[in-house]
Amino acid sequence: MSTGFFKDIQKAKYEGTSSSNPLSFQHYDKDEVVMGKRLEDHLRFAVAYWHSFAWPGGDPFGGQTFERPWFGDTMDLAKLKADVAFEMFDILDAPYFCFHDADVRPEGDSFAENTRNLEEIVDYFAEKMETSKTKLLWGTANLFSHRRYMSGAATNPDPEVFAFAAATVKTCMDATHKLGGENYVLWGGREGYETLLNTDMGRELDNMGRFLSMVVEYKHKIGFKGTILVEPKPQEPSKHQYDFDAATCFGFLQKYGLENEVKLNLEQGHAILAGHSFEHELATAAALGVLGSIDMNRNDYQSGWDTDQFPNSVPEVALTYYHILKDGGFTTGGTNFDAKLRRQSLDPVDLIAAHIGGMDVCARGLKAAAAMIEDGGLEDALNERYAGWDQPFGGDLLGSNLEDIASQVAREEINPAPKSGRQEILENYVNRFV
Ligand code: XLS
Ligand code: NI
Ligand code: NI
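Residues numbered from 1 in each chain as written. Chains lettered and ligands numbered in written order. Predicted model: local features only at pLDDT ≥ 70, side-chain atom pairs only at ≥ 80, totals over all residues. Heavy atoms only, no water.

S.K.: Describe the sheet that holds strand β5 (residues 135-140), listing the residues and the values that go with them.
M.R.: Sheet strands pair by backbone hydrogen bonding; their relative direction is either parallel or antiparallel. With parallel pairing, eight strands are arranged side by side around a closed barrel as β3-β4-β5-β6-β8-β10-β11-β12. Direction aside, the axes of adjacent strands within the sheet are offset by 30° on average. Sheet analysis places strand β11 (residues 291-296) next to strand β12 (residues 335-337), joined by three bridges and oriented parallel. By the bridge assignment for β12, Met-296 is matched with Phe-337. Where helix α11 (residues 314-326) meets the sheet, it contacts β11 and β12, and its direction lies at approximately 165° from that of β11. Where helix α12 (residues 348-375) meets the sheet, its contacts fall on β3 (45-48), β11 and β12, and the angle it forms with β12 comes to roughly 150°. (Pairing = 2+ DSSP bridges. Helix = DSSP H or I, 4+ residues; strand = E, 2+ residues; numbered from the N terminus. Axes fitted to C-alpha atoms, helices over the stretch in contact; angles between N-to-C directions. Contact = heavy atoms within 4.5 Å.)

Written as structure tokens, this is what we have:
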């Protein structure tokens, strides 16, 4: 029986660009084949439970604006929330969803009660997933909202908090494993500091490294085949977060010997907060071999906050998927809409339209990216720019040494002439596709 929350909103269909139905897909035809793969299998869209079903619409100056019939802290309401969530997954034909423990179950008074509540909801999800097409892209633990985590989880000065966090992550990994999740995410919102005056950074980093190693050990112990992902973000809620950006995370993984075990879940808004473009983060992770999954959203470029808006810029999103496709596309990863409505967007229809718009923008972006890859213009320009490295001169150079290179440069009177980087021509080229 339907909850009636979405009233008469029908299952969204692909109707093409001639349709004026705002609740239809105009660009996302899940069965369209692009570069040999269906769009649905390329994009692997996921709905984020927290923004869509748990967030009350507050901001730093005001509280709840949304009135949802499932708000409240009981098991019955958690199940009503799940019913509505799966109705929305069905309307959107969403292949995946993602959740934190705290999004889906009422907060208990103890670890034991949290675990019982989570297990009950996981069983409820499992039942629904038998008849729903929607699968779990990833699960995660909320180690940042409860006041016990105010000074961090794995990096807390109090070992009891580390223990509570580790125990909680175990239950969330169990839940993810049981539901067939394809990844497990760790975003360290409070793994950082407010002031260095009270922070032993070396110890905190070592503890965080050990915590992540325990996660990897447990993954292998239970036979979880999914990918462990760390999600970089430079700040907010901490003043400074240790997992600052892709490059910082890679250095951390390498220091603790985890670079072959853990990949990254990159988020557009977090890249912007770190002072990067999203492409920068994707290209960095791809170059380092740790590009795993993405949290798709859009940050306001002026606010300096993680505004988590739905994406709506095709040129930006095209470059996102260009880097993902160049890296071979997603394997276990996907496109999770870590995006929320604006707090004035009160109605159920806003929730549906936001996701449909996001899915359409991503489909347009991916198709533009695929067209650029198939045309090969950017790749040709790169090959031409670096062609010297494929010639004997360039090839031998890296195996040489400073003394021999110095004699060679003198002997052959090497005197390189600068060449154009062709930036404007390449920017114009991209504009032909977006
Ligand atoms: C917050 C993060 C969070 C993670 C999951 O900024 O993006 O939503 O994706 O904990
Ligand atoms: Ni975020
Ligand atoms: Ni995120």
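S.K.: Give a description of the coordination of the nickel ion (ligand 3) that names residues and reports values.
M.R.: Ideal coordination angles are 109.5 degrees for a metal with four donors arranged tetrahedrally and 90 or 180 degrees for a metal with six donors arranged octahedrally. Ligation of the nickel ion (ligand 3) by protein atoms is provided by Glu-231 (OE), Glu-267 (OE), Asp-295 (OD) and Asp-338 (OD), these donors lying 2.0 to 2.1 Å from the ion. Coordination at the nickel ion (ligand 3) comes from six donor atoms whose angles at the metal span 81 to 176°, giving a geometry best classed as octahedral. Of note, the nickel ion (ligand 3) draws all its donor residues from one chain, in the sequence arrangement E-x35-E-x27-D-x42-D. Taken as a pair, the nickel ion (ligand 3) and the nickel ion (ligand 2) show a spacing of 3.7 Å, with Glu-267 coordinating each metal. In this pair, Asp-295 sits in strand β11 while Asp-338 sits in the loop between β12 and α12, placing the two residues 43 residues apart along the sequence. Residues Asp-295 and Asp-338 agree in their burial class; the two are buried. (Donors = N, O, S within 2.8 Å, 3.2 Å for Na, K, Ca; no water. Tetrahedral: all angles 85-135°; square planar, octahedral: opposite > 155°, others 65-115°. Buried < 20%, exposed > 50% of the residue type's maximum accessible area, 1.4 Å probe, protein only.)

S.K.: Outline the layout of surface pockets, supporting the account with residue identities and numerical values.
M.R.: Reported here for the second largest pocket is a volume of approximately 1200 Å³. Considering the residues around the second largest pocket, the lining is formed by 30 residues, among which Ala-381, Leu-382, Arg-385, Tyr-386 and Gly-421 are closest to the centre. Those elements that place two or more of their residues in the lining of the second largest pocket are α11, α13 (377-385), α14 (392-397) and α16 (423-433). For the lining of the second largest pocket, the element with the most residues is α13, which contributes six residues. (1 Å grid on protein atoms, 1.4 Å probe; cavity = no way out; pocket = protein on both sides within 12 Å on 5 of 7 lines; lining within 4 Å. Points joined across faces, edges and corners; volume = space filled by probe spheres on them.)

S.K.: An account of the packing of aromatic side chains is needed here, citing residue identities and associated values.
M.R.: Inspection of every chain in the model, using the stated rule, returns 27 aromatic pairs. Here the aromatic rings of Phe-144 and Trp-187 are separated by 4.7 Å at their centres, their planes lie at 70°, and the arrangement is edge-to-face. Taken as a pair, Phe-144 in the loop between β5 and α6 (159-178) and Trp-187 in the loop between β6 (183-186) and β7 (192-193) lie far apart in primary sequence, 43 residues in all. The same class applies to Phe-144 and to Trp-187, which are both buried. On the numbers, 4.9 Å between centres and 50° between planes, the contact of Tyr-429 with Phe-433 is tilted. (Phe/Tyr/Trp six-rings, centres within 6.5 Å; stacked < 30°, edge-to-face > 60°.)

S.K.: Account for the site of ligand 1, naming residues and giving values.
M.R.: Taken together, Trp-50, His-100, Trp-138, Trp-187, Glu-231, Lys-233, Glu-267, His-270, Asp-295, Asp-306 and Asp-338 make up all the residues around ligand 1. Taking Lys-233, its side chain carries an N or O atom lying 2.8 Å from an oxygen atom of ligand 1. A distance of 3.0 Å is found between an oxygen atom of ligand 1 and a side-chain nitrogen or oxygen belonging to His-270. Relative to its unbound accessible area of 290 Å², ligand 1 is 94% covered by the protein chains. Looking at the shell around ligand 1 residue by residue, the class counts come to three nonpolar, two polar and six charged. (Near = heavy atom within 4 Å. Polar contact = N/O pair within 3.5 Å; in protein donor to acceptor, adjacent residues only side chain to side chain. Areas by Shrake-Rupley, 256 points an atom, 1.4 Å probe, with all protein chains shown as cover. Nonpolar A, V, L, I, M, F, W, Y, C, P; charged D, E, K, R; others polar.)

S.K.: Mind laying out the coordination of the nickel ion (ligand 2), listing which residues take part and the relevant values?
M.R.: Surrounding the nickel ion (ligand 2) are the protein donor atoms Glu-267 (OE), His-270 (NE2) and Asp-306 (OD), which sit 2.1 to 2.7 Å from the metal. The sequence pattern formed by the donor residues of the nickel ion (ligand 2) is E-x2-H-x35-D. Relative accessible area serves as the criterion here: at 4%, His-270 is assigned to the buried category.

S.K.: Quick rundown of unusual backbone geometry? Include the residues and the values.
M.R.: The linkage connecting Glu-236 with the following residue, Pro-237, adopts the cis geometry, with an omega of 10°. Looking at the secondary structure, you find Pro-237 in the loop between β8 (227-230) and β9 (240-241). Phi at Met-35 is positive, roughly 45°, even though this residue is not glycine. Within the secondary structure, Met-35 is located in the loop between β1 (33-34) and β2 (37-38). Of the residues examined, Met-35 reaches a relative accessible area of 35% and is grouped as partly exposed. The phi torsion at Asp-93 lies on the positive side, around 60°, for a residue other than glycine. Position of Asp-93 among the secondary structure elements: in the loop between α3 (75-92) and β4 (96-100).

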